[in-house]
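Chain residues, written in single-letter form:
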Amino acid sequence: MEMAKHSAEVVVEGLKKILIREREGLDQEVQGKVERLIAELQGKRPPFDPDARRIEDGFDFFKKNIYDQHPDYFRELAEGQHPRFLVFSCSDSRVSPSVVLNFKPGEAFGGRNIANMVPQFDQLRHTEIGSVIEYAVKALEVQNILVMGHSRCGGIERLMKLPDKSTTYDFIDQWVQIGLPAKLKVLAEANDLTFEEQCRLCEKESVKNSMANLLTYPFVRNAVVSGTLTLRGGYYDFVNGTFEQWKMCTEPMPPMPMPF
């Protein structure tokens, strides 16, 4: 027993030296396995991490039931992506386009943000959104851009409450004002409705506002004019389990010159 204990201590010390010496060269998976082995040899059990287990279980399910079942499809995806859609959706955890619209990996390029908003073209602001649109349209040559709104959107509710001095946010209040034209339209046309009803209307009007903003991007406008790109709006009502969609009907427009 003492000899076995001594041997385990020797192994532990050796593994610790490897970790210290090779820490930068070891990938995280190998490093984690070494650390768990050390804990086991020392008779210690690492604390249970339910969130890490949820992530691992989720990947295990995907690997077993999807990835391993379609090797040819994922082998093709490894060579490149050719999505037909760019989807802008809300960061809301209840609104995942891949789940709600049953997109397979490779079918939809995506951008997610508070209240699924698209700002107007501006090379100095909101470049993270502009870069998503630019790559999708110019590099991937998607055929559709879908802006997907949803019910009970916290971002739209915040927009409708502004100005609100009772709560302050460092980023959200400035961001949601992208949808201000939608809010003003709702207040002008439906001022007699309840606040909740106005929010529901604004959730859809904000989608239309973002669709209009997409046309301020020269490469989007030119693709729409040439007929290679369709702008679509959608609304997912997770209260009633419904989805509606529409597409932008545009009059013939001259192509916009690309900015220098």
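The numbers attached to residues start from 1 for each chain and follow its sequence in the written order. Confidence filtering applies because this is a predicted model: local features only for residues at pLDDT of at least 70, side-chain atom pairs given and counted only at 80 or more, and all residues used for totals across whole chains, interfaces and linings. By convention in this description, side-chain values take in all heavy atoms of the structure and omit both hydrogens and water.

1. Focus on the overall build of the protein
Here is step 1 of the chain: Within the protein one finds 11 helices and 5 strands.
Here is step 2 of the chain: For the protein, the residues scored as buried account for 34% of the 260 residues in total.
Here is step 3 of the chain: Restricting the contact set of the protein to residue pairs at least 6 apart, pairs at least 24 apart contribute 68%. Helical segments are the DSSP runs of H or I of at least four residues, strand segments are the runs of E of at least two, and each set is numbered from the N terminus. Relative accessibility decides the category of a residue: with a 1.4 Å probe and only protein chains considered, values under 20% of the type maximum give buried, values over 50% give exposed, and everything between is partly exposed. In this description, contact between two residues means that some pair of their heavy atoms is separated by no more than 4.5 Å.

2. Some details on the pairing of strand β2 (residues 108–113)
Successive side chains on a regular strand alternate, one facing one side of the sheet and the next facing the other.
Here is step 1 of the chain: The alternating pattern of β2 places F109, G111 and N113 on a buried face and A108, G110 and R112 on a face that is not buried.
Here is step 2 of the chain: The pairing criterion is simple: DSSP has to find at least two bridges between the two strands. Where strand β1 (residues 85–90) meets β2, 6 bridges bridge the pair, whose relative direction is parallel. For F88, the partnering residue across the bridge sits in β2 and is G111.

3. Let's talk about a negative patch on the surface
Here is step 1 of the chain: On the surface, a cluster of negative charge is contributed by D49, D51, E56, D57 and D60.
Here is step 2 of the chain: Structurally, E56 can be placed in helix α3 (residues 50–67). Each patch is built from residues that are more than 30% exposed by relative accessible area and take part in no salt bridge. Like charges join if they lie within 9 Å; nonpolar side chains (Val, Leu, Ile, Met, Phe, Trp, Tyr) join within 5 Å. What sets the accessible areas is the Shrake-Rupley method with a 1.4 Å probe; for residues, cover comes only from the shown protein chains. One side-chain nitrogen of Lys or Arg within 4 Å of one carboxyl oxygen of Asp or Glu is enough to make a salt bridge. Counting rule for charge: Lys and Arg are taken as positive, Asp and Glu as negative, and neither His nor the chain ends is counted. Charged groups are reduced to one reference atom each: NZ for lysine, CZ for arginine, CG for aspartic acid, CD for glutamic acid.

4. Describing the UniProt feature "binding site: Zn(2+)" (unreviewed entry) in the protein
Here is step 1 of the chain: UniProt annotation of "binding site: Zn(2+)" (unreviewed entry) refers to C90, D92, H150 and C153 when read in the numbering used here. Spatially, the listed residues are clustered: although they cover 64 residues, their C-alpha atoms lie within 9.1 Å of one another.
Here is step 2 of the chain: Looking at the element boundaries, C90 is found in strand β1.
Here is step 3 of the chain: With residues near it in sequence (within four places) discarded, C90 still touches V95, R112, N113, I114, A115, N116, M148, H150 and C153.
Here is step 4 of the chain: By the secondary structure assignment, H150 is in strand β3 (residues 144–150). UniProt positions are given in the numbering used here, feature names are shortened, and annotations may be inferred rather than shown by experiment.

5. Notes on the pattern of salt bridges
Here is step 1 of the chain: The tally for this structure, following the rule as stated, stands at 12 salt bridges.
Here is step 2 of the chain: Between K185 and E205 there is a salt bridge, and its shortest N-O distance comes to 3.5 Å. Pair noted here: K185 is in helix α9 (residues 180–189) and E205 is in helix α10 (residues 195–214), with a separation of 20 residues, a long-range link.
Here is step 3 of the chain: Assessed through its relative accessible area of 16%, E205 is described here as buried.
Here is step 4 of the chain: Shared partners join several salt bridges into a network, and the residues in it are K185, E189, E205 and K208.

6. Some thoughts on the pairing of β1
Here is step 1 of the chain: Judged by how many residues are buried, β1 sits mostly within the fold: 5 of 6 residues are covered.
Here is step 2 of the chain: Strand direction decides the pairing type here: β1 and β3, joined by 5 bridges, are parallel. Residue pairing in the sheet places V87 in a bridge with L146 of β3.

7. Some remarks on the packing of aromatic side chains
Here is step 1 of the chain: Stacked, tilted and edge-to-face are the three classes applied to pairs of Phe, Tyr and Trp rings, where Trp contributes its six-membered ring and a pair requires centres within 6.5 Å; stacked means planes under 30 degrees apart, edge-to-face means over 60, and tilted covers the rest. Inspection of the entire model under this criterion finds 10 aromatic pairs.
Here is step 2 of the chain: With a centroid separation of 6.2 Å and 55° between ring planes, the pair formed by F62 and Y67 is classed as tilted.
Here is step 3 of the chain: Owing to a relative accessible area of 24%, F62 belongs among the partly exposed residues under this scheme.
Here is step 4 of the chain: With relative accessibility at 37%, the residue Y67 sits in the partly exposed group.
Here is step 5 of the chain: Note on Y73 and F74: the rings are 5.6 Å apart at their centroids and 85° apart in plane angle, and the pair reads as edge-to-face.
Here is step 6 of the chain: Put simply, the rings of F59, F62, Y67, Y73 and F74 touch in pairs and so form one group of aromatic residues.

8. Regarding the packing of helix α6 (residues 127–139) against helix α11 (residues 218–226)
When two helices pack together, their arrangement is given by the angle between the helix axes and the distance between those axes.
Here is step 1 of the chain: At a minimum axis distance of 9 Å, the contact between α6 and α11 shows a crossing angle of 35°. With respect to the hand of their crossing, α6 and α11 are arranged in left-handed fashion. For the pair α6 and α11, contact is made by I133, E134, V137 and K138 and by F219, V220 and A223, respectively.
Here is step 2 of the chain: Classifying every residue of the contact of α6 with α11 gives 5 nonpolar, no polar and 2 charged. In this analysis, axes come from line fits to C-alpha atoms, helices being fitted only over the stretch in contact, and the angle between any two N-to-C directions falls in the range 0 to 180 degrees. Crossing handedness follows the turn of the near helix against the far one: under a right angle anticlockwise gives a left-handed crossing, and clockwise gives a right-handed one. All residues other than Ala, Val, Leu, Ile, Met, Phe, Trp, Tyr, Cys, Pro, Asp, Glu, Lys and Arg, Gly among them, are scored as polar; the first ten of these are nonpolar and the last four charged.

9. Focus: the nonpolar core
Here is step 1 of the chain: Nonpolar cores are built from buried Ala, Val, Leu, Ile, Met, Phe, Trp, Tyr and Cys residues. Side-chain atoms within 4.5 Å join them into one set. If you look at the biggest cluster of nonpolar residues, it comprises 39 residues, and the most contacted ones within it are L86, I133, I145, V220, L229 and L231.
Here is step 2 of the chain: Among the elements of the structure, β1, α6, β3, α7 (154–161), α8 (172–176), α9, α10 and α11 are those that each provide at least two residues to this core.
Here is step 3 of the chain: V95, F103, L146 and Y236 belong to the second-largest nonpolar core, a separate cluster that totals 6 residues.

10. Considerations on the sheet that holds β1
Here is step 1 of the chain: With respect to topology, 5 strands assemble into an open sheet ordered β2-β1-β3-β4-β5, the strand pairing being mixed. Looking at which strands have only one partner, the edges of the open sheet turn out to be β2 and β5 (242–247). The sheet shows a mean angle of 20° between the axes of neighbouring strands, taken without regard to direction.
Here is step 2 of the chain: Pairing geometry for strand β4 (residues 230–237) and β5, over 6 bridges, is antiparallel. Across the sheet, the residue bridging to Y235 is E244, located in β5.

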